[in-house]
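Residues per chain are reported as follows:
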Amino acid sequence: MSGWKVPLALAGLRWAWSHRGRAPEPEPRHPGELLLWGAAGAALGVAASALSERRRSGLMNGKVVLITGGSRGLGLQLAREFGFGGASVVICARGREGLDRAVAELSGRGVRAHGVVCDITDPDAIEDLLDEAERHFGRLDVVVNSAGIMRVGPQETLSDDHFRQAMDVMFWGPFHLS
C-alpha cells in the first residue's frame, strides 16, 4: 500500500476499534472479537486500495508515451509505470540489445511497447524517432526526456568534451525533441 492507503487502512481499524464496545452485551466479550474487528477494519482498507488501483490503472488508456533512455534505469521504470497505467510506450536508446531486452520485458508484463534505436544528440535521428513513434501507434501524447549521461570524478580529470557530451544528451537532446 502506498500514499493515502495506509492511513485509510488505519482509519478503518480505528473505526472498528471504536465500535467494539457500543452494543450492550449480557456476557463478557470473547478475546478473539478484537481480532475480528481489526480484520474487518483492515479488510475495509484493502478494499479501498483495490478500488483505487483499478481506477488508477486506466488513467492513461489510449495514450502514447515516448520515453528517451528507456532501455534501463529510471527510463525503463517510467515505461513500466506508464504501461501499467494503460499507455502504449515508445522507448528509445542508443543500443539495440538493451532496447530489445527492455521491450521484451515490457511486452511480457502486458505493456504495448515499441523500441527505436536513437541517439538523441543527433537532430536528424530525433526526427526519425518522432516519425517512427507516430507511424507505429498513430499518435504521440506525452514525451519524457529521461536519457542522461553521468561522468564521475574530480573536476580536473574531466575535459571540456565530457561536459559537451553531457550538454548534448541532457540539454540539446530534450531541446530538439521537445
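Residues numbered from 1 in each chain as written. Predicted model: local features only at pLDDT ≥ 70, side-chain atom pairs only at ≥ 80, totals over all residues. Heavy atoms only, no water.

**Q** Whenever I open this one, the overall build of the protein confuses me. Can you help?
**A** The secondary structure content of the protein amounts to six helices and four strands. Counting only carbon and sulfur atoms, one obtains 58% of the accessible surface of the protein, whose full area is about 11,300 Å². (Helix = DSSP H or I, 4+ residues; strand = E, 2+ residues; numbered from the N terminus. Areas by Shrake-Rupley, 256 points an atom, 1.4 Å probe, with all protein chains shown as cover.)

**Q** Help me out: how do you make sense of the packing of aromatic side chains in this one?
**A** The way to describe two aromatic rings as a pair is by their centre distance and the angle between their planes. Applying the stated rule across the entire model yields three aromatic pairs. The interplanar angle of 15 degrees and the centroid separation of 6.2 Å between the aromatic rings of Phe171 and Phe175 together place this pair among those described as stacked. In this pair, Phe171 and Phe175 are both assigned in helix H6 (residues 160–177), four residues apart and thus about one turn of the helix distant. For Phe171, a relative accessible area of 39% gives the class partly exposed. (Phe/Tyr/Trp six-rings, centres within 6.5 Å; stacked < 30°, edge-to-face > 60°. Buried < 20%, exposed > 50% of the residue type's maximum accessible area, 1.4 Å probe, protein only.)

**Q** For this particular structure, what's the right way to read helix H3 (residues 73–84)?
**A** Note that an α-helix has 3.6 residues per turn; residues three or four places apart therefore point the same way. Helix length check: H3 (twelve residues) gives 17 Å between terminal C-alpha atoms against 16 Å at 1.5 Å per residue, within 8%. Taken together, the buried residues of H3 touch strand S1 (64–68), strand S2 (88–93), helix H4 (96–108) and strand S4 (142–144). Of the residues flanking the end of H3, it is Gly86, one or two places downstream, whose phi is positive at about 105 degrees. (Expected span 1.5 Å × (residues − 1). Contact = heavy atoms within 4.5 Å.)

Nothing here speaks to function; it is all geometry.
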